[in-house]
Amino acid sequence: MKRLPLILCFAALVLLVAACGGGGGAKDVPNDSVAVVGDDSISKADWDALLTQTRRNFEATKKTFPAPGTVALATLKANATQFLIQSSEYQQEADNLGVKVSEKDIDDRLTQIKNQYYGNPPGQPKASAQEMEKRYEAALKQQGFTDEEVRAGIKLQLIREKVFKKVTKDVKVSDNEVKAYYEKNKKQYQTPAQPESRDIRHILVKTKAKADQLYAELQANPGKFAQLAKANSKDPSSAVNGGKLPPGVGVKGRLDPAFEKVAFSIKANVISKPVQSKVGWHIIEALGPVKPGTSATPTPYSQLKEAIRQQLLSQDQQKEMDKWLASTKKTYCKKIGYQTGYAPPPGQDPCKQSASTTGSVTTG
């Protein structure tokens, strides 16, 4: 049974979270909350529910939940707090940006996930809605999640995606930027130069005596080459094809030097005398002329233009998002307060870490 996508694993995300907020601003925290984020409170009930969900996931996946008093448990609890703070920040910023996630949005994404992960592979009959639902429910049980929790995870992801889209909507990449990048990096897009090659077949044996014997038979009857190769050659990759080397093998520079010297010097349709290499004795036949090598050829700009544009656009969008995250972090670090016992451990407060860590948040 396939696992649910990691992005939906609310509890798993807690263990991996890299919060964009956090901090210790002077704020009054209600008794039933673990922290405040601006005008929003992170309730103790939500925090407990997240820890319970995480424990369920551990139990369902046969992992040991951290023991009381351990550093691992303290870290998990701190991550849970930061995860909920980050989620609150995104929700508040989504509201400020006019970003909405509807129930239909969530339904559509969940349907997409079910089709992708719990439908049948290509080439098989399409799974029915009932079959996919049964597989989805089995995956939930296997990982200790509920449908409600998965939907909550989907909502968080959609908020992130829509915020990313809103923040980066004005990012554009001009034709001049695309062309300049292509010219600067043209070599990485070219088809590499190819050395000389030749269609060759051979018979590999262990001793010169055996090679001499087979060579004598071929001198008398050259048409038996394929038959003798299948019966005698110790090279399994070519013996099944009557001694013919597989595509891409008969290339200059890729063969044993002694073998290569003969293979590329004999005339077409000529059978060589036995030749010794590092692996044994060969009888070689050239099946055609030497094919000349080719020079490196650049891939035309017209074929790469849009792919390069998307690459540069993605990079510029992430830079814009990183700037937004840094600004958001700076703003919220002044608006966050913790209930006693829930503040980040020393050295783990996101607001007191270097700004270089901000870009570690995955956003789109």
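**Considering the overall build of the protein**
(1) Moving on: Summing up its helical and strand segments, the protein has 12 helices and six strands in all.
(2) Moving on: For the protein, the proportion of contacts with a sequence separation of at least 24, taken over those separated by at least 6, is 73%.
(3) Moving on: Taken as a whole, the protein presents about 20200 Å² of accessible surface, with 53% of it coming from carbon and sulfur.

**Thoughts on the sheet that holds strand 5 (residues 280-286)**
(1) Moving on: Strand order in the open sheet formed by three strands is 3-5-4, and the pairing between neighbours is antiparallel. Single-partner strands in this sheet number two, and they are strand 3 (200-205) and strand 4 (275-277). For this sheet, the mean angle separating the axes of adjacent strands, direction not counted, is 40°.
(2) Moving on: As judged from the three bridges shared by strand 4 and strand 5, these two strands associate in the antiparallel manner. Following the sheet pairing, Q276 is matched in strand 5 by W281.
(3) Moving on: Sheet contacts for helix 9 (residues 225-232): strand 3 and strand 5; angle to strand 3, the most-contacted strand, approximately 40°.

**What about the nonpolar core?**
(1) Moving on: The biggest cluster of nonpolar side chains holds 24 residues, and the ones touching the most others in it are Y90, V150, I154, V163, M321 and W324.
(2) Moving on: When residues of this core are traced back to their parent elements, those giving at least two are helix 3 (71-97), helix 4 (103-118), helix 5 (129-143), helix 6 (147-167) and helix 12 (301-332).
(3) Moving on: With seven residues, the top contributor of residues to this core is helix 6.
(4) Moving on: Within the second largest apolar cluster, 19 residues are counted, among which are A35, L73, I85 and Y338.

**Quick word on the confidence of the model for the protein**
(1) Moving on: Put simply, the protein has an average pLDDT of 89, and 89% of its residues get 70 or more.
(2) Moving on: Overall, residues 6-22 carries pLDDT values under 50, and its contacts beyond four positions in sequence, including any with other chains, amount to 63 contacts.
(3) Moving on: Counting contacts from residues 355-364, a segment whose pLDDT is below 50, to residues more than four positions away or on other chains yields 23 contacts.

**Points about the packing of helix 4 against helix 5**
(1) Moving on: At a minimum axis separation of 10 Å, helix 4 and helix 5 run at an interaxial angle of 90°. With respect to each other, helix 4 and helix 5 are oriented roughly perpendicular. Contact residues: helix 4 offers L110, K114, N115 and Y118, while helix 5 offers M132, E133, R135, Y136 and A139.
(2) Moving on: Considering only residue class, the contact of helix 4 with helix 5 consists of five nonpolar, one polar and three charged.

**Structural notes on the sheet that holds strand 6 (residues 336-338)**
(1) Moving on: Across the sheet, three strands lie side by side as 2-1-6; this open sheet has antiparallel pairing. Unpaired on one side and paired on the other, strand 2 (40-43) and strand 6 mark the two borders of the sheet. The average angle at which neighbouring strand axes cross in this sheet is 20°, direction not considered.
(2) Moving on: Note: strand 1 (residues 33-37) against strand 2, four bridges, orientation antiparallel.

**With respect to the packing of helix 7 (residues 175-184) against helix 12**
(1) Moving on: In the contact formed by helix 7 and helix 12, the axes pass within 9 Å of each other and the chain directions differ by 110°. Here helix 12 runs roughly perpendicular to helix 7, going by the angle between their axes. Facing helix 7, whose interface residues are D175, E177, V178, K179, Y181 and Y182, helix 12 presents Y301, L304, K305, I308, R309, Q311 and L312.
(2) Moving on: Grouping the amino acids of the contact of helix 7 with helix 12 by side-chain chemistry returns seven nonpolar, one polar and five charged.

**Overview of helix 12**
(1) Moving on: If you check helix 12, its first and last C-alpha atoms are 45 Å apart, about what 32 residues at 1.5 Å a residue would give, namely 46 Å.
(2) Moving on: Considering bend angle alone, the principal kink of helix 12 is centred on A307 and spans about 25°.

**Quick word on the packing of aromatic side chains**
(1) Moving on: Applying the stated criterion across every chain, the model contains seven aromatic pairs.
(2) Moving on: When the centroid spacing of 6.4 Å and the interplanar angle of 15° are considered together, the rings of Y182 and Y189 count as stacked.
(3) Moving on: Residue classification places Y182 among the buried residues on the basis of a relative accessible area of 5%.
(4) Moving on: Feature note: the residues Y117, Y118 and Y136 constitute an aromatic cluster, connected by ring pairs.
(5) Moving on: Seen from the ring of Y90, R160 lies directly overhead, with NZ or CZ sitting 4.8 Å from the centre.

**A look at unusual backbone geometry**
(1) Moving on: Non-glycine residue K62 carries a positive phi angle of around 60°.
(2) Moving on: Relative to the elements of secondary structure, K62 occurs in the loop between helix 2 (44-60) and helix 3.
(3) Moving on: Residue K62 is classed as exposed on the basis of its relative accessible area, which comes to 75%.
(4) Moving on: Not every positive phi belongs to a glycine, and N269 is a case in point at roughly 65°.
(5) Moving on: For N269, the position within the fold is in the loop between helix 11 (257-263) and strand 4.
(6) Moving on: A relative accessible area of 56% places N269 in the exposed class.

**What about the environment of L110?**
(1) Moving on: Structurally, L110 is set in helix 4.
(2) Moving on: For L110, a relative accessible area of 4% gives the class buried.

**A word on helix 4**
(1) Moving on: If you check helix 4, its first and last C-alpha atoms are 21 Å apart, about what 16 residues at 1.5 Å a residue would give, namely 22 Å.
(2) Moving on: The set of residues buried in helix 4 consists of I106, L110, I113, K114 and Y118. Looking down the long axis of helix 4, one finds its buried residues gathered within 100° of arc, a one-sided arrangement.
(3) Moving on: Considering only its buried residues, helix 4 is in contact with helix 5 and helix 6.

Rules behind the numbers
Per chain, residue numbering runs from 1 following the sequence as it is written. Residue-level local features of this predicted model are given only where pLDDT is at least 70; pairs of side-chain atoms are given and counted only at 80 or more, and the full residue set underlies all totals for whole chains, interfaces and linings. As a convention, hydrogens and water are excluded, and side-chain values are obtained from all of the structure's heavy atoms. Under the scheme used here, helices are H or I runs from DSSP no shorter than 4 residues and strands are E runs no shorter than 2 residues, and both carry numbers assigned from the N terminus. Residues are treated as being in contact if the distance between any of their heavy atoms lies within 4.5 Å. Surface exposure here means Shrake-Rupley accessible area, sampled with a 1.4 Å probe, where a residue is shielded only by the protein chains that are shown. Note on pairing: DSSP must find at least two bridges between two strands before they are called paired. Interaxial angle, 0 to 180 degrees, is taken between N-to-C directions of lines fitted to C-alpha atoms, where a helix line uses only the stretch in contact. Residues enter a nonpolar core if they are buried and are Ala, Val, Leu, Ile, Met, Phe, Trp, Tyr or Cys, with the set joined through side-chain atoms within 4.5 Å. A 1.4 Å probe rolled over the protein chains alone gives each residue an accessible area, and that area as a share of the maximum for its type sets the label: buried under 20%, exposed over 50%, partly exposed in between. Per-residue confidence from the predictor is reported as pLDDT, a score between 0 and 100. Oblique is the label for any angle not covered by the other classes, which are roughly parallel (under 35 degrees), roughly antiparallel (over 145) and roughly perpendicular (65 to 115). Residue classes follow a fixed rule: Ala, Val, Leu, Ile, Met, Phe, Trp, Tyr, Cys and Pro count as nonpolar, while Asp, Glu, Lys and Arg count as charged, and any other residue, Gly among them, counts as polar. By this rule the span expected of a helix is its residue count minus one, scaled by 1.5 Å. For a residue, the bend is simply the angle between two axes, fitted respectively to the seven-residue segment ending there and the seven-residue segment starting there. Here a Phe, Tyr or Trp ring, Trp counted by its six-membered ring, pairs with any other such ring whose centre lies within 6.5 Å, and the pair is stacked when the planes are under 30 degrees apart, edge-to-face when over 60, and tilted otherwise. Only Lys NZ and Arg CZ are tested; either one counts as a charge over a ring when it is within 6 Å of the ring centre and within 35 degrees of the ring normal. To obtain the arc, one takes the directions from the helix axis to the C-beta atoms.

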